[in-house]
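Examining the three-dimensional arrangement
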Amino acid sequence: MFSRISERLGRYQKFFLLSPLLFFLIFFFAGPLLWLFRVSLYQSRGSSGFGIGGADGKEGGGFYVEGTWTIENYVRFFQDDYFRDIMFFTVELALIVTVVTMLVSYPMAYYIYKAGPKLKIFLLIIVILPKLSNMLVLVYGLQILMANNGWINKALVGLGIIDEPIKLVYTLFSVVVSKVLLIAPYTILVITAALHGLDKTLRDAAMGLGASSTKAFATITFPLSLPGSYVALLITIVWALGAFVSPLLLGNPDLTTLAVEVPRQTFENVNWAMGSAIAFIILSLMFVVVLIFNLIIGSAIKWRTE
Amino acid sequence: MSTEERKVVLEVKGLTKKFGNDIAVKNISFNLYDGEFLFVIGPSGCGKTTTLRMIGGYEFPSSGEISVRGQLLNNVPLEKRNIGMVFQSYALFPHMTVQKNVEYGLRMRGISKGARREKVADVLSLVELEEFSDRYPSQLSGGQKQRVALARVIVLEPDLLLLDEPLANLDKRLRDTMRVELKKLQEKVGITTLYVTHDQEEALAMADRIVVMHDGNILQVGSPKDVYNAPSSPFVAGFLGETSSFHGTVRACPDGTREIVVDDDMTVKPSPTHLLNDSDSVFVSIRPERIQLSKEKQIQEVNCTSGIIDFVSYLGSHVVYFINVLSGRALLKASEAIPTGEASFKVGDRVQAYWQEENVVCISEDREDSAVNV
């Protein structure tokens, strides 16, 4: 009897190791997330808040109408052009950022993969370095760099390439550049790891069969690196869908993303219910995008490595 | 047919490979003749794989020459050499079907689709894998992968086939089957083949000729029979097959012949064809299956010693006796075929061990491990 109890405990022993993290995730992630979902189903209070009487003159304000259950926030989101445009822009920006990030990251990752051991470490440090500084510092740095009287414009004018400064900052260009800068290190690391996981003898074998090094890359190394690169692509697109700091600091009102709209609704418009609903729509969007990509790419890859 | 009359396919001359201060391959030379199945064997780190990789073009020699059919290959890049290599890991392309894998080399050579299909079909039927052409490598067994790897290079009709421990990843049973299949296939296709392995049994079973390498040197080149029966160095004697080996000193006998004193009580008399000098140190080796045992006293005057059986190793088809020679230090190994399933002797038996002088291998220790180039 006693031994059976200890045997049972033994079976669950490994879960004890998880318990601190589980505790953390349940109380600080899953709990608030559920609460957020609940809030998104409250009725909005209109534009008033902070305890000032509601538009109907009834007493009490607050950030939502307590005790209500409604999906009107979601319905409004999809009916209102304002929100729909923000959503389309968010997806558009995410796709642009993903394409640019992949185009920047793959060659870099391949170069790191091919580099000698010393150069490899140096390059990896270069890639990780920006991640060791604060995200805001990076974005403000870009703001200064791209300003009308920033280094880039000064250099271009000084070299006689342009006559007067071009507007770089607060454009789609600056938003994309900063977003790529923030995501690329992760993308590069994931692709580099994928490339290093490849069996080098496959390339040898290809060349032994008569493939030039370019052809060996095109027919062997590149296709075999795709599953790993696909993981990098998912990380990139999910991250890009949540773009917040870059459009906030380097964008303009036309370049608003859903993530920027959440605090705007919540704090400026004091509409907690709407803010929560948008937060949930971002999550769902990420989920849907991952699902679509999985369906497309999962059906394209019929082989597996051993 | 003597090898000299045959056409030389591969000529390796003074080949050397240095990795920093380490010399992996030391100035080796050998020829490979048309249709020949040559084995390069040796323990790991002896330089055999490096040699193979240099011939294939995967490593650059530090010095020396590699020629195939008279053409110097040193500066010919890997992809331009018409040499097929089968890797130990098979290196099949996991994202391509068997068909695409076998087709790969032909595609790189720009051969038309129709011709490609035909050749691939021929080769796949040769290795009996026609039905597997649409499978991916992950859906194949070890032996099938092995055959795809072979088909992939054979389809290109290379001047030379290089095999790097191709059977090492298979289990013992399959390895034995593949040994026969591979040898038959090699004979059927008639392709000149260089096979690298550390498995001496494989080499003895399959090779036309064997090159034994040790520490970057070639120690001996010869047919399996030659290398087994007349090893040129203690290392070769010990590496290929089981043996009982001793160190001894040469002594003149009253009748003018010479014998080797191994121990107080044990002398070995080699065949007179061995040229020995008095008081030379020599290495002596006798194969276990050439040693006979008897319970009777003194079977013959020479090449006979008495001992006590210390251990019996049962191996199914035969047993190996470990015998302590009475005078003490020497240890003899003798094997006995046991068609009846019963061994003739048991541990503790006192036996006479005897052998014929032509079965005594003796090597002067002054020229131990000297490199040969053939």
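Residues numbered from 1 in each chain as written. Chains lettered and ligands numbered in written order. Predicted model: local features only at pLDDT ≥ 70, side-chain atom pairs only at ≥ 80, totals over all residues. Heavy atoms only, no water.

Some points on the overall build of chain A
Rules: For the purposes of this entry, the term helix denotes a DSSP run of H or I that reaches at least four residues, the term strand denotes a run of E that reaches at least two, and both are numbered from the N terminus. The globule rule is 2.2 Å times the number of residues to the power 0.38, and the radius of gyration it is compared with is taken over C-alpha atoms. Relative accessibility decides the category of a residue: with a 1.4 Å probe and only protein chains considered, values under 20% of the type maximum give buried, values over 50% give exposed, and everything between is partly exposed. Any two residues whose heavy atoms approach within 4.5 Å at even a single point are treated as in contact. We get accessible surface area from the Shrake-Rupley algorithm with a probe of 1.4 Å; when it comes to residues, only the shown protein chains can shield them. Neither His nor the chain ends is counted toward charge; the positive residues are Lys and Arg and the negative residues Asp and Glu. Note on charges: their place is set at NZ of Lys, CZ of Arg, CG of Asp or CD of Glu.
Counting secondary structure elements, chain A contains twelve helices and zero strands. Taken from the N to the C terminus, the helices and strands of chain A come in the order α-α-α-α-α-α-α-α-α-α-α-α. Taken over C-alpha atoms, the radius of gyration comes to 25 Å for chain A, far larger than the 19 Å a tight globule of 306 residues would show. With respect to the three principal axes, the spread of C-alpha positions in chain A is 85 × 85 × 35 Å. Expressed as a percentage of the 306 residues in chain A, the buried residues total 41%. A fraction of 69% describes how many contacts in chain A between residues 6 or more apart in sequence connect residues 24 or more apart. Of the accessible surface of chain A, which amounts to about 17700 Å², a share of 71% is contributed by carbon and sulfur atoms. The distance from the centre of the 22 positive side-chain charges to the centre of the 17 negative ones in chain A is 15 Å.

A word on the domain arrangement of chain B
Residue and element names in this part refer to chain B. What counts here: Domain segmentation is taken from an automatic or database assignment of domains. Buried area counts how much accessible surface, traced with a 1.4 Å probe, disappears from two parts once they are put together, with both parts' losses summed. Here a salt bridge means any side-chain nitrogen of Lys or Arg lying within 4 Å of a carboxyl oxygen belonging to Asp or Glu. Polar contact is the term for a pair of N or O atoms within 3.5 Å; when the atoms are in protein, one must be able to donate a hydrogen and the other to accept it, and sequence-neighboring residues count only if both atoms are side-chain atoms.
Assigned domains of chain B: these are domain 1 (3–234) and domain 2 (242–367). One C-alpha centre belongs to domain 1, the other to domain 2, and the line joining them spans 39 Å. In this assembly, seven residues from domain 1 lie in contact with seven residues from domain 2. Between domain 1 and domain 2, a total of about 640 Å² is buried, with carbon and sulfur atoms accounting for 51% of that surface. Joining domain 1 to domain 2, the criterion identifies zero salt bridges. In this structure, the connection of domain 1 to domain 2 is made through three residue pairs in polar contact (both at pLDDT 80 or more).

With respect to the state of the cysteines
Residues and elements named next belong to chain B. Our working definition: Here, two cysteine sulfur atoms that lie within 2.5 Å of each other are counted as a disulfide.
According to the stated counting rule, one finds zero disulfides over all chains in the structure shown. The cysteine Cys253 is free of any disulfide, with Cys362 supplying the nearest cysteine sulfur at 13 Å. For Cys253, a relative accessible area of 13% translates into the label buried. Here Cys304 stays free of any disulfide, with the sulfur of Cys253 as its closest cysteine sulfur at 15 Å.

A closer look at the pattern of salt bridges
Oppositely charged side chains can form a pair if their charged atoms are brought close together. All names here are of chain B. Taken as a whole and judged by the stated rule, the model has 22 salt bridges over all chains. We note a salt bridge from Asp199 to Arg179, for which the minimum N-O separation is 3.8 Å. With a gap of 20 residues between them, Asp199 in the loop between strand E8 (193–197) and helix H6 (200–206) and Arg179 in helix H5 (residues 172–189) connect regions that are remote in the sequence. By relative accessible area, which is 17% here, Asp199 ends up buried.

Side note on helix H2 (residues 72–79) of chain A
For clarity, the cut-off: Note that the arc is defined by the directions from the helix axis to the C-beta atoms.
Within the sequence span of H2(A), burial applies to Asn73(A), Tyr74(A) and Phe77(A). The buried residues of H2(A) all sit within an arc of 100 degrees when viewed along its axis, so they share a single face.

A short note on the pairing of strand E16 (residues 304–314) of chain B
Residue and element names in this part refer to chain B. What counts is decided by this rule: Any two strands with at least two DSSP bridges between them are considered paired.
Across five bridges, the pairing between E16 and strand E19 (residues 350–354) is antiparallel. Of the residues in E19, the one forming a bridge with Ile308 is Arg350. One ladder, built from seven bridges, connects E16 with strand E17 (residues 318–325); its direction is antiparallel. Residue Ile308 lies in a different strand from E17, and its bridge partner there is Asn324.

Notes on the interface of chain A and chain B
Each side of the interface is counted separately: chain A has 23 residues, and chain B has 24 residues. Between chain A and chain B lies a buried interface of about 2100 Å² when both sides are counted; carbon and sulfur atoms form 64% of it. Our enumeration of links across chain A and chain B arrives at one salt bridge. Note that Arg53(B) is salt-bridged to Asp204(A), the shortest N-O span being 3.4 Å. Inspection of the chain A/chain B interface yields four residue pairs in polar contact (both at pLDDT 80 or more).

Here's the deal with the packing of aromatic side chains
Residues and elements named next belong to chain A. Inclusion rule: Working definition: rings of Phe, Tyr and Trp (its six-membered ring) pair if their centres are within 6.5 Å, and the pair is stacked with planes under 30 degrees apart, edge-to-face with planes over 60 apart, and tilted otherwise.
The final tally for this structure, using the stated rule, is 22 aromatic pairs over all chains. Ring centres of Tyr64 and Trp272 lie 6.4 Å apart, and the angle between their planes is 50 degrees; this geometry places the pair in the tilted category. Taken together, the positions of Tyr64 in the loop between helix H1 (2–40) and H2 and Trp272 in helix H12 (residues 272–300) put the pair 208 residues apart, joining distant regions of the chain. Look at Trp272 and you get partly exposed, because its relative accessible area is 31%. Each ring, one from Tyr106 and one from Phe222, has its centre 5.4 Å from the other, and the planes form 75 degrees; the classification is edge-to-face. Here Tyr106, found in helix H3 (residues 81–114), pairs with Phe222, found in helix H9 (residues 213–241); they are 116 residues apart in sequence, far enough to count as distant.

Let's talk about the nonpolar core
Applied cut-off: Among buried residues, those of type Ala, Val, Leu, Ile, Met, Phe, Trp, Tyr and Cys that are joined through side-chain atoms within 4.5 Å constitute a nonpolar core.
Judged by nonpolar contacts, the single largest core of 152 residues is most densely connected at Leu10(B), Ile55(B) and Leu194(B). The element that contributes the greatest number of residues to this core is H3(A), accounting for 13 residues. Those residues in contact with Leu194(B) that sit more than four places away from it in its chain are Leu10(B), Phe30(B), Leu32(B), Leu38(B), Val40(B), Leu52(B), Ile55(B), Leu161(B), Leu162(B) and Leu163(B). Judged by nonpolar contacts, the second largest core, of 27 residues, contains Phe246(B), Val262(B), Val282(B) and Phe345(B).

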